[in-house]
Amino acid sequence: MKIKVLKNVFQRNDNAARENRELLDARGVTCVNLLGGAGAGKTSLLEAVIPVLRDSLRMGVLEGDLATTKDATRVDALGVPVIQLLTDGGCHLTATLVQQGLRRLPLDGLDMLLIENVGNPICPAGFDLGEHLRISVLSVTEGDDKAAKYPLLFKDADLIVLSKCDLQPLTDFDFNTVTRDLRRINRRAEILQTQARRAIGTEALATWLLDRCRPSSAASRE
Ligand code: MG
Ligand code: ZN
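Keep in mind that this is a model prediction, so the values were computed, not measured. (Residues numbered from 1 in each chain as written. Chains lettered and ligands numbered in written order. Predicted model: local features only at pLDDT ≥ 70, side-chain atom pairs only at ≥ 80, totals over all residues. Heavy atoms only, no water.)

Some thoughts on the coordination of the zinc ion (ligand 2)
Step number 1: In this structure, Cys-91 (SG), His-92 (ND1) and Cys-123 (SG) serve as the protein donors to the zinc ion (ligand 2), at separations of 1.9 to 2.2 Å.
Step number 2: We note that the donor set of the zinc ion (ligand 2) lies within a single chain, spaced as C-H-x30-C. With His-92 in the loop between strand E3 (82–86) and helix H4 (95–103) and Cys-123 in the loop between strand E4 (112–116) and strand E5 (133–139), the pair connects residues that are 31 residues apart, well separated along the chain. (Donors = N, O, S within 2.8 Å, 3.2 Å for Na, K, Ca; no water. Helix = DSSP H or I, 4+ residues; strand = E, 2+ residues; numbered from the N terminus.)

What follows is the structure in structure tokens.
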């Protein structure tokens, strides 16, 4: 019985994810799911790339959080449409909640939608939101054992960002260990090192996003 209930939960999520992807495809919006633990630096990465990209791409943001609008307030200051998705204590975003956010965004006016997932290195990775791309973030302050400990976070990532690299000298974070572990989990994702506070590596992240935005929507803007 329990197994059946779990199966239904995932099935419902997968159905909603498929609907989300179809809607985004129809509107020509490229959707990115940004995943990582609490304090990995996801919002800071958004704050770094949105000002670089907002002149070339029409961007929107869905902010996932448990209880506050702190991150959405930071993103709102960048002048792009943002909707706060509150999970009411839930530890991950679901495709159904994202669906509600999509209804409130001006999708026809967007080229790219960035979804910041709830800060949690575990279960958000198990929920397809209907995104086209996944970016998984690991900060050096979390420790170099975390790639091996949370493989699901990195397994389906299209890009892996190692963040807060300016703090590495204060830690014993070993890039070789992490890179070796990540390569065992995911051979195809690019690995990018960033220092958002100094705008190092964030230009490369912006370029990565721009390169993956659908050509159709890029052409339709001209
Ligand atoms: Mg955040
Ligand atoms: Zn969860």
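Regarding the coordination of the magnesium ion (ligand 1)
In an ideal tetrahedron of four donors about a metal, each angle is 109.5 degrees. In an ideal octahedron of six donors, the angles are 90 or 180 degrees.
Step number 1: The magnesium ion (ligand 1) binds to the protein through Thr-43 (OG1), Asp-71 (OD) and Glu-116 (OE); the donor distances cover 2.0 to 2.1 Å.
Step number 2: Mapped onto the sequence, the residues coordinating the magnesium ion (ligand 1) show the spacing T-x27-D-x44-E. With Thr-43 in helix H2 (residues 42–53) and Asp-71 in helix H3 (residues 70–76), this residue pair connects regions lying 28 residues apart in the sequence. The same class applies to Thr-43 as to Asp-71, namely buried. (Buried < 20%, exposed > 50% of the residue type's maximum accessible area, 1.4 Å probe, protein only.)

Regarding the side chain of Lys-146
Step number 1: For Lys-146, the position within the fold is in helix H5 (residues 146–149).
Step number 2: A relative accessible area of 18% places Lys-146 in the buried class.
Step number 3: The residues touching Lys-146, leaving out its near neighbours within four places in the chain, are Leu-138 and Phe-154. (Contact = heavy atoms within 4.5 Å.)

Quick look at the nonpolar core
Step number 1: Ile-50, Leu-114, Ile-135 and Leu-209 are the most contacted members of the largest nonpolar core, which totals 29 residues.
Step number 2: At five residues, the largest contribution of residues to this core is made by H2.
Step number 3: Discounting chain neighbours no more than four positions away, the residues touching Leu-114 are Val-32, Leu-46, Ile-50, Met-59, Gly-60, Val-61, Leu-62 and Leu-209.
Step number 4: Of all hydrophobic cores here, the second largest spans 17 residues; its members include Leu-110, Ile-115, Val-118 and Leu-129. (Core = buried A, V, L, I, M, F, W, Y, C linked by side-chain atoms within 4.5 Å.)

Brief notes about the environment of Asn-13
Step number 1: Within the secondary structure layout, Asn-13 lies in helix H1 (residues 2–27).
Step number 2: Classification of Asn-13 by relative accessible area gives buried; the value is 3%.
Step number 3: Taking the C-alpha atoms as reference points, Asn-13 and Ala-72, separated by 59 residues in sequence, lie 24 Å from one another.
Step number 4: Among residues more than four places away in sequence, those in contact with Asn-13 are Thr-94, Ala-95, Thr-96, Phe-127 and Asp-128.
Step number 5: A polar contact of 2.8 Å, which involves the side chain of Asn-13, links it to the backbone nitrogen of Ala-95. (Polar contact = N/O pair within 3.5 Å; in protein donor to acceptor, adjacent residues only side chain to side chain.)

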